[in-house]
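What the coordinates show
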Amino acid sequence: MKVVAITGGAQGIGRGIALRFAKAGYAVSIADRAADAGAELLDLLAGQGARASFAVTDVADPKSVEAWLAQTIRDLECPTVLVNNAGFMIRKPFLELPLEDFDAVIATNLRGTFLCSQLVAREMAKRDIHGAIVNIASTRAFMSEPDTEGYTASKGGIVALTHGMAMSLALQRIRVNSISPGWIETRDWQYAARSGTPQHSRADREQHAVGRVGTPEDIAEACLYLAEAGFVTGQNLIVDGGMSVKMVYAE
Ligand SMILES: NC(=O)c1ccc[n+]([C@@H]2O[C@H](COP(=O)([O-])OP(=O)(O)OC[C@H]3O[C@@H](n4cnc5c(N)ncnc54)[C@H](O)[C@@H]3O)[C@@H](O)[C@H]2O)c1
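Right, let's walk through the structure included here. (Residues numbered from 1 in each chain as written. Predicted model: local features only at pLDDT ≥ 70, side-chain atom pairs only at ≥ 80, totals over all residues.)

1. What about the overall build of the protein chain?
Counting its secondary structure elements, the protein chain contains seven helices and seven strands. Here the C-alpha atoms of the protein chain give a radius of gyration of 18 Å, agreeing with the 18 Å that 2.2 N^0.38 yields for 251 residues. The C-alpha extent of the protein chain, read off along each of the three principal axes, is 60 × 40 × 40 Å. Counting across all 251 residues of the protein chain, residues that qualify as buried make up 43%. (Helix = DSSP H or I, 4+ residues; strand = E, 2+ residues; numbered from the N terminus. Rg over C-alpha atoms; globule rule 2.2 N^0.38 Å. Buried ≥ 20, exposed ≤ 12 C-beta atoms within 10 Å, placed from the backbone.)

Written out as structure tokens, the structure is:
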């Protein structure tokens, strides 16, 4: 059986990934610290006939991740694919950023990716599962707005961790890749405010070569590709509608 484990899967991009993998026939296990959003998605997946499991989880906490993984194996089976998607940004002026805020972002985004990968890969290796890990990084690993250091450092770390793990897990035949999304509109994929269609200005759309802002489905499609692309490992796939290669001259 194909089983995908998705962190931060209850809302936003992770929710899109969960629904896409379920459609592709995967059993889906979600870890998220948002209890209500996770419970709602679990109902939706069950209603669609998917096998699914959800545990309130904090990916920064080893005990919490261990409990989620144990529940996943009990309810479904060992994951064959792990998607490290949980992440958040704290944006505060660099000169005033408290160290705790920097550490909190690194603990979820980067350390959480390492932790979940290590625990899931151990279980895959025990069972000789030649699985795949997909890490959600960001184009902010390569370009920045001011006052986003914790986030950009965590995402740069994820890109490096990805090729590191790809080499370390090669013997176990576990592939590891990352996706760097650009601007993905998730407002209508949030539990608290899932209503209406977000509006984008013409300038918003035109800064993308493809003429629009991205959606969770765009990332989910790339994720499914990397989950199944048997000859691809250690790579970072930029999925940003061409935004980061579009040259812009200020008038
Ligand atoms: N939306 C974008 O434009 C964009 C662009 C590039 C990268 N990303 C990355 O994509 C991923 C998903 O982003 P999103 O925009 O869907 O965000 P989101 O806030 O909509 O969803 C993130 C989910 O992760 C969960 N989460 C956060 N910290 C957690 C923790 N410690 N343990 C468990 N769950 C946790 C949240 O509860 C939430 O459900 C993130 O890693 C983000 O950095 C997003």
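Back to the write-up after that little detour.
2. Considering the packing of helix α3 (residues 62–75) against helix α4 (residues 99–126)
Closest axis-to-axis distance for the α3/α4 pair is 10 Å, and the angle between their directions is 35 degrees. Where α3 crosses over α4, the handedness of that crossing is right-handed. Residues P62, V65, E66, L69 and I73 of α3 form the contact with α4, whose own contacting residues are L115, C116, L119, V120 and E123. A breakdown of the residues in the contact of α3 with α4 according to their chemical character gives eight nonpolar, no polar and two charged. (Axes fitted to C-alpha atoms, helices over the stretch in contact; angles between N-to-C directions. Left-handed = near helix turned anticlockwise from the far one by under 90°. Contact = placed C-beta atoms within 7 Å. Nonpolar A, V, L, I, M, F, W, Y, C, P; charged D, E, K, R; others polar.)

3. So, the sheet that holds strand β6 (residues 175–181)
With respect to topology, seven strands assemble into an open sheet ordered β3-β2-β1-β4-β5-β6-β7, the strand pairing being parallel. Looking at the sheet topology across the chains shown, the edges are occupied by β3 (52–56) and β7 (236–239). Taking the axes of each pair of neighbouring strands and ignoring which way they run, one obtains an average angle of 15 degrees across the sheet. Strand direction decides the pairing type here: strand β5 (residues 132–136) and β6, joined by five bridges, are parallel. The residue of β6 that forms the bridge with A132 is R175. Relative to strand β4 (residues 81–84), α4 is tilted by about 170 degrees, and along the sheet it contacts β1 (3–7), β4 and β5. Helix-sheet contacts for helix α5 (residues 149–168) involve β5, β6 and β7, and the interaxial angle to β6 is about 165 degrees. (Pairing = 2+ DSSP bridges.)

4. Examining the site of the ligand
Near the ligand you find 29 residues, and of these G8, Q11, G12, I13 and G87 are the closest. At three residues, helix α1 (residues 12–23) tops the list of elements feeding residues into the shell around the ligand. Its residues assigned to classes, the shell around the ligand comprises 13 nonpolar, 13 polar and three charged. (Near = placed C-beta within 6 Å.)

5. Here we look at α5
Along its 20 residues, α5 runs 28 Å from first to last C-alpha, staying within 8% of the 28 Å computed at 1.5 Å per residue. When α5 is considered as a whole, its buried residues turn out to be G150, Y151, S154, K155, I158, L161, T162 and M165. (Expected span 1.5 Å × (residues − 1).)

6. Examining unusual backbone geometry
For D128, which is not a glycine, the phi torsion comes out positive at approximately 55 degrees. For D128, the position within the fold is in the loop between α4 and β5. The phi dihedral of D147 is positive, around 65 degrees, even though this residue is not glycine. Among the secondary structure elements, D147 is positioned in the loop between β5 and α5.

7. Remarks on the environment of L110
Within the secondary structure layout, L110 lies in helix α4. Once the C-alpha coordinates of L110 and L161 are considered, the two residues, 51 residues apart in sequence, prove to be 8.5 Å apart.

8. A short note on the packing of α1 against helix α7 (residues 216–228)
Axis separation between α1 and α7 bottoms out at 8 Å; the angle between their running directions is 55 degrees. Between α1 and α7, the crossing angle belongs to the class labelled oblique. Here the hand of the crossing between α1 and α7 comes out right-handed. Facing α1, whose interface residues are G12, I13, R15, G16, I17, R20 and F21, α7 presents P216, E217, I219, A220, E221, C223 and L224. Among the residues making up the contact of α1 with α7, the classes are represented as eight nonpolar, two polar and four charged. (Parallel < 35°, antiparallel > 145°, perpendicular 65-115°, else oblique.)

It is worth stressing that arrangement in space is one thing and function is another; only the former is reported here.
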